[in-house]
Amino acid sequence: MKISVKRSETADPAVALPEYETPGAAGADLRANLAPDDRAAGLTLSPMERALIPLGLCVELPQGTEMQVRPRSGLALKHGLTLVNSPGTIDADYRGEIGVLMVNLGTEPVHIAHGSRIAQAVFASVARAEFTEVETLDASERGTGGFGSTGEG
Ligand SMILES: O=c1ccn([C@H]2C[C@H](O)[C@@H](COP(=O)(O)OP(=O)(O)OP(=O)(O)O)O2)c(=O)[nH]1
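Predicted model only: the values in this text are computed from it and were never measured.

Caption draft 1: Representation of the overall build of the protein within the structure. Counting secondary structure elements, the protein contains one helix and eleven strands. Each helix and strand of the protein, ordered N terminal to C terminal, gives the series β-β-β-β-β-β-α-β-β-β-β-β. Relative to the globule expectation of 15 Å for 153 residues, the C-alpha radius of gyration of the protein, 19 Å, shows a markedly less compact shape. Dimensions of the protein, computed from the C-alpha atoms along their principal axes, are close to 60 × 40 × 30 Å. Within the protein, contacts between residues separated by at least 24 positions form 69% of all contacts whose residues are at least 6 apart in sequence. Put simply, the protein shows about 10,400 Å² of open surface, and 51% of that area lies on carbon and sulfur atoms.

Put into structure tokens, the structure is as follows:
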């Protein structure tokens, strides 16, 4: 899949575009492209603090696809750093700058450096539904059971 990427006006062009770290990686790593005033010092998230981290990128996705923004497991395990809205959904018709909604679920402050890899993008096909209101639904083995109805373990 080919995706057009445009840097936002204030983006630092020295920050690499998304890239796959290995030939089999599902996710392309996304780098923080911080506002000019934040670049030197980076940003620090206190425990339970959240922030919208800019990527400095706008994309044009093919119709019928979405970009999912997902956490990186290493940051989550080591620092409790994850995404508030995981997976974030980037719509095919969105042309604005992509932001990553990070939250520090750990117990220590976490530093986010300008240009560091903070999340990853996975691209997927999207099925769109047509909604039809009806009076009855077809019966099924599960029926209305859910939320643990099949037991634990
Ligand atoms: O992590 C995210 C999630 C969303 N977006 C952008 C792209 C997406 O296409 C748009 C809208 O996202 P979403 O539909 O999740 O937001 P909403 O809260 O429903 O807002 P809207 O009313 O703008 O759709 O915001 C991001 O940059 N990062």
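Here the narrative resumes.
Caption draft 2: Local environment of the UniProt feature "binding site: substrate" (unreviewed entry) in the protein. Listed under "binding site: substrate" (unreviewed entry) in the UniProt record, and renumbered for this structure, are Arg-72, Ser-73, Gly-74, Asn-85, Thr-89, Ile-90 and Asp-91. In sequence the annotated residues extend across 20 residues, and in space they extend as well, their farthest C-alpha pair lying 26.5 Å apart. Assignment of secondary structure puts Arg-72 in the loop between strand E6 (65–70) and helix H1 (73–79). When its relative accessible area of 22% is taken as the criterion, Arg-72 is described as partly exposed.

Caption draft 3: A look at the site of the ligand. Surveying the vicinity of the ligand reveals the residues Asn-85, Gly-88, Thr-89, Ile-90, Asp-91, Tyr-94, Ile-98 and Gly-99. Residue Asn-85 places a side-chain N or O atom 3.0 Å away from an oxygen atom belonging to the ligand. Surface burial for the ligand is 48%, taken as the share of its 570 Å² of free accessible area covered by protein chains. Residue contributions to the shell around the ligand peak at three residues, all from strand E8 (residues 88–90).

Caption draft 4: Broad picture of the UniProt feature "domain: dUTPase-like" (unreviewed entry) in the protein. Per the UniProt record, "domain: dUTPase-like" (unreviewed entry) is annotated on residues 16–151. Helix and strand shares over residues 16–151 are 5% and 34% respectively, and the end C-alpha atoms of the span are 47 Å apart.

Caption draft 5: Quick look at the sheet that holds strand E7 (residues 81–83). Taken together, three strands build an open sheet; the order of strands is E4-E9-E7 and the sheet is antiparallel. Among the strands making up the open sheet, the edge pair consists of strand E4 (50–54) and E7. Ignoring strand direction, the axes of neighbouring strands in this sheet form an average angle of 40°. Of the pairings in the sheet, the one linking E7 to strand E9 (residues 99–104) comprises three bridges and is antiparallel in character. Within the sheet, the bridge partner assigned to Leu-81 lies in E9 and is Asn-104.

Procedures and definitions
Residues numbered from 1 in each chain as written. Predicted model: local features only at pLDDT ≥ 70, side-chain atom pairs only at ≥ 80, totals over all residues. Heavy atoms only, no water. Helix = DSSP H or I, 4+ residues; strand = E, 2+ residues; numbered from the N terminus. Rg over C-alpha atoms; globule rule 2.2 N^0.38 Å. Contact = heavy atoms within 4.5 Å. Areas by Shrake-Rupley, 256 points an atom, 1.4 Å probe, with all protein chains shown as cover. UniProt positions renumbered as here; feature names shortened; annotations may be inferred. Buried < 20%, exposed > 50% of the residue type's maximum accessible area, 1.4 Å probe, protein only. Near = heavy atom within 4 Å. Polar contact = N/O pair within 3.5 Å; in protein donor to acceptor, adjacent residues only side chain to side chain. Pairing = 2+ DSSP bridges. Axes fitted to C-alpha atoms, helices over the stretch in contact; angles between N-to-C directions.

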